[in-house]
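Each chain is listed here by its residues.
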Amino acid sequence: MFLISAFAVISCTPISKREDDKNIVKSEPVSDSHSYSNHHEIRTEHIHLDLDVNFDNHIIYGVARHRMSQSNVTEAIFDMKGIEIQKITLGKEIEKETEYIIGESDSIKGAPLTVEITPGTEHINIYYQTTRETEALDWLAPELTAGKKHPYLYTQGQAILTRSWIPIQDTPMNRITYSADVKVPAELIALMSANNPKEKNPEGRYHFEMKQAIPAYLIALAVGDMKYTSFGSTCGVYSEPELADQCKYEFVDLPKMIEVAENIYGAYRWDQYDLVILPYSFPFGGMENPRLTFANPTLIAGDRSLISVVAHELAHSWSGNLVTNATWNDFWLNEGFTVYFENRIMEAMYGKEIADINAVIEYQDLLASIEQIEKSEHPEDTQLKLQLEDRSPDDGMTDIAYVKGAFFLRTLEDLVGRKKFDAFLTNYFDSHAFETITTESFIQYLNAELLIPNDVTFDTDEWIYRPGLPNNCIKINSQRLTDMEAWAEQVNAGEAVFTGDYKTIKRGDRVTQEWQAFVRKLSPEISKDVLIEIDNRLKLSADANPAIKSDWFILNVKAGNTTVRPYMEAYLIKIGRRWYIESIYQALVDSDLKGDREFALATFEKAKGGYHFVSRSTIEEVLK
Ligand code: BES
Ligand code: ZN
C-alpha cells in the first residue's frame, strides 16, 4: 500500500504569526489532539458542498470539493466519522480518481481519511453519503416539530461533529470559506451559516456563500418548514410559521442588541445576524453559527426573560467566531469571553441590576460545578486550560470554561478599570480577527498589552493552570436574589410560605432568575405539603419556564415529592436541551427514593427518540 508513511514523525512546529512578528523565540508546537488532519502541511482554503438531502431514507448525499493550499506533500489527511466514501477524485474541470485509505476508527475522533495526491494538487473532491451513525444530524419526524406537518433536519458541528456529515480537516485551527448547493424537498427551506434565502425556492434548490473564513465546527445546516420575520435590514428570525408571532414578541430587542454590542467591542463583521428557532430536541440553548444563531424554542419564554442566551450567541460573533480557540483545550477563550461579553450586553440593555442577577446565578452554578468536578475522575478539570487528550472535547463544556472564565475577566476589569479593559479587549478582537489563538499566546498578549503597561501584578497562572477558584475572584451581589433567598430560609425554618410580604405574590411578580434563587435555596427537608402548596400557587410544575422547572424538579426529587412526576415526565419527553435535562436525570439517579431510578430509565426510553445524539449520549452516561 502507498502511504501510512512517516507523517506522524515529521512533527512540524508552527509559530503563530503574532509571535513571529514580535520575534518571540518561544515556539511551542500547537497541535490539536482531536484532529487527524495534516493541515500544517496542506490545508483546505475553501470547500464547496454539493448536497442532496433525502428525508425518505435520512441520508445526505454529498460531494465535498476542497480547494487546497499550495504544498509539496503527497497526501492530504481529513477527519471523518460515520460516513461512507464512494470515491475521491482530483482536479476541477477534469476529475481523475485517486487512492485513499481510511484508518482505524476511534470512538471519539473517528478515522483519518488519507488521500493520495501529487505535489501541487489543488482540488480534492470527496463523494460521500451520511449514515445512521452520523452524529451531527438530527432528523425529526413531523410530530416533533411545532407545525407537526413537515419533517425537519438540523446539524450540530461543535465540537467535533462536523466530520460526521462532511469529510473535512475538523480542527478549529484551520479557517476556511465555504459555498454550497443544497437540494431539499420543495415544501421545505434550507438555511446555513452563510447568506440565506428569505423565501422558499419552488424547486427546493438553494445556493449559499460564506465569504468570511470560519473553523469547520461552524458549518451548519437547517431544513424545515420555516418563514422569515424581519426586524430590519440586517436581522430577523426564521421559525416555523406557527411560532412566528411569539418570536416577533420575544426577540424584538435584537436590532438594539447588535448596536449595543458594536458600541462595546467594535463593528459586527458578519453583515447579517439572524436566529433560527429549531425544534425542542436541539441540545443547546443556542449555537453561534455565524450569521445564523441556532436557538432552542425554550428561549421563547413569553416574557423575554431568557434573552441573555441571544446576547450570548451574538457575543460569540466576536469571541469564538472572530477570534477562535486554537484547540478544545483552549475552549475557555471562546466561552469565558462570551459569558463576560454577554453580561456586558445585558448590562447595557437592561441595567446593572439585571446583569448582576444573571452573574450571581451563574456564580452559584460555578460553585456547584467545582464541587462536583473535584469529586470526579478528573479534578484537574477546574483549570481553565484543559487537557482533553484522549477524551471527548465535550467534557470541557462545564461552568469552568464559561463562568470561571468570565470571572477571570471581571476580576481583571475590576483591577484596571473598565475603560482600559474595554480598550484592551477591543484591540484583542481587532488584532486577532479571523485568527485562532492558544491560551499561551493570549497570556503573552495580556502581559504585553494590559498587565505590563499598567504595572499590574496578577497571578494569571493561578487562574489558568491551577484548580479551583482563586481568592481574588471578584464578588457580585444581588439584593433581589438575596431577598428571595431570605424568603426561602423562612420557609425552611417552618414559617408559613405565603405570609407577610409574600402574601399575594404571583409568579409574574419576579423574573426567572429570582425564582431560581428561591427554589435553589429551599431545603430538600421541607415537607411535601409545603412543596405542593408552593406548586399550587406558583404553578411551577405546570407552566413555569424551563429554567425554573429544571431547578424545581431537582428539588422535588431530592425532597422525595413524587406528585411532580407526570409533569417531569412530560418535560423530559418534550425538551432535549442537555443542561436542562441532564441535571434532572442525575438527581433521579442519585436519589435514594425507591422507584426514582426506574422512573428515569423508563422516561429515557420514551424520550430518547426525540433527543439529538449529543443529549442522548450524555444521558446514557448518566444512567449507566
Ligand atoms: N457554543 C456553545 C454550545 C456548545 C459548546 C456546543 C460546546 C457544543 C460544544 C453555545 O454558545 C453555548 O454556550 N450555549 C449555551 C448558552 C448559555 C451559556 C447562555 C447553552 O446551550 O446553554
Ligand atoms: Zn457559548
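As the structure is a computational prediction, the values presented were derived from the model and not from experiment.

1. Digging into the overall build of the chain
Helix and strand counts for the chain come out as 19 helices and 21 strands. Expected size for 624 residues packed as a compact globule is a radius of gyration near 25 Å; at 25 Å, the chain falls within 12% of this value. The principal-axis extents of the C-alpha atoms in the chain amount to approximately 80 × 65 × 50 Å. Looking at the chain as a whole, 59% of its 624 residues are labelled buried. Long-range pairs, those at least 24 residues apart, make up 72% of the contacts in the chain between residues at least 6 apart in sequence. Of the accessible surface of the chain, which amounts to about 25,200 Å², a share of 49% is contributed by carbon and sulfur atoms. Distance between charge centres in the chain, computed from 62 positive and 95 negative side chains, equals 4 Å.

2. Points about the site of ligand 1
Residues in close proximity to ligand 1 total 17 residues, the closest being Gln158, Gly285, Glu288, Glu313 and Tyr402. In the model, a nitrogen atom of ligand 1 is placed 2.6 Å from a nitrogen or oxygen of the Glu288 side chain. Tyr402 places a polar side-chain atom, nitrogen or oxygen, 2.6 Å from an oxygen atom of ligand 1. Within the residue set of the shell around ligand 1, elements represented by two or more residues are strand E18 (286-287), helix H4 (308-315) and helix H5 (331-350). A total of three residues in the shell around ligand 1 trace back to one element, the largest contributor, which is H4. Here the shell around ligand 1 is built from residues that sort into seven nonpolar, six polar and four charged.

3. Quick notes on the coordination of the zinc ion (ligand 2)
All of the protein donors around the zinc ion (ligand 2) are His312 (NE2), His316 (NE2), Glu335 (OE) and Glu335 (OE); their distances to the metal are 2.0 to 2.7 Å. Every donor counted, the six donor atoms about the zinc ion (ligand 2) form angles of 52 to 159° at the centre, which fits irregular coordination. The sequence motif formed by the donor residues of the zinc ion (ligand 2) is H-x3-H-x18-E. Taken together, the residues His316 in the loop between H4 and strand E20 (323-325) and Glu335 in helix H5 connect sequence positions 19 residues apart.

4. Examining the environment of Tyr217
Turning to its location among the elements, Tyr217 is positioned in the loop between strand E13 (205-215) and strand E14 (221-224). Judged by relative accessible area, Tyr217 falls into the buried class, the value being 1%. Taking C-alpha positions, Tyr217 is 25 Å from Leu144, a pair spaced 73 residues apart along the chain.

Conventions we followed
- Residues numbered from 1 in each chain as written.
- Chains lettered and ligands numbered in written order.
- Predicted model: local features only at pLDDT ≥ 70, side-chain atom pairs only at ≥ 80, totals over all residues.
- Heavy atoms only, no water.
- Helix = DSSP H or I, 4+ residues; strand = E, 2+ residues; numbered from the N terminus.
- Rg over C-alpha atoms; globule rule 2.2 N^0.38 Å.
- Buried < 20%, exposed > 50% of the residue type's maximum accessible area, 1.4 Å probe, protein only.
- Contact = heavy atoms within 4.5 Å.
- Areas by Shrake-Rupley, 256 points an atom, 1.4 Å probe, with all protein chains shown as cover.
- Lys, Arg positive; Asp, Glu negative; His and termini not counted.
- Charge placed at Lys NZ, Arg CZ, Asp CG, Glu CD.
- Near = heavy atom within 4 Å.
- Polar contact = N/O pair within 3.5 Å; in protein donor to acceptor, adjacent residues only side chain to side chain.
- Nonpolar A, V, L, I, M, F, W, Y, C, P; charged D, E, K, R; others polar.
- Donors = N, O, S within 2.8 Å, 3.2 Å for Na, K, Ca; no water.
- Tetrahedral: all angles 85-135°; square planar, octahedral: opposite > 155°, others 65-115°.

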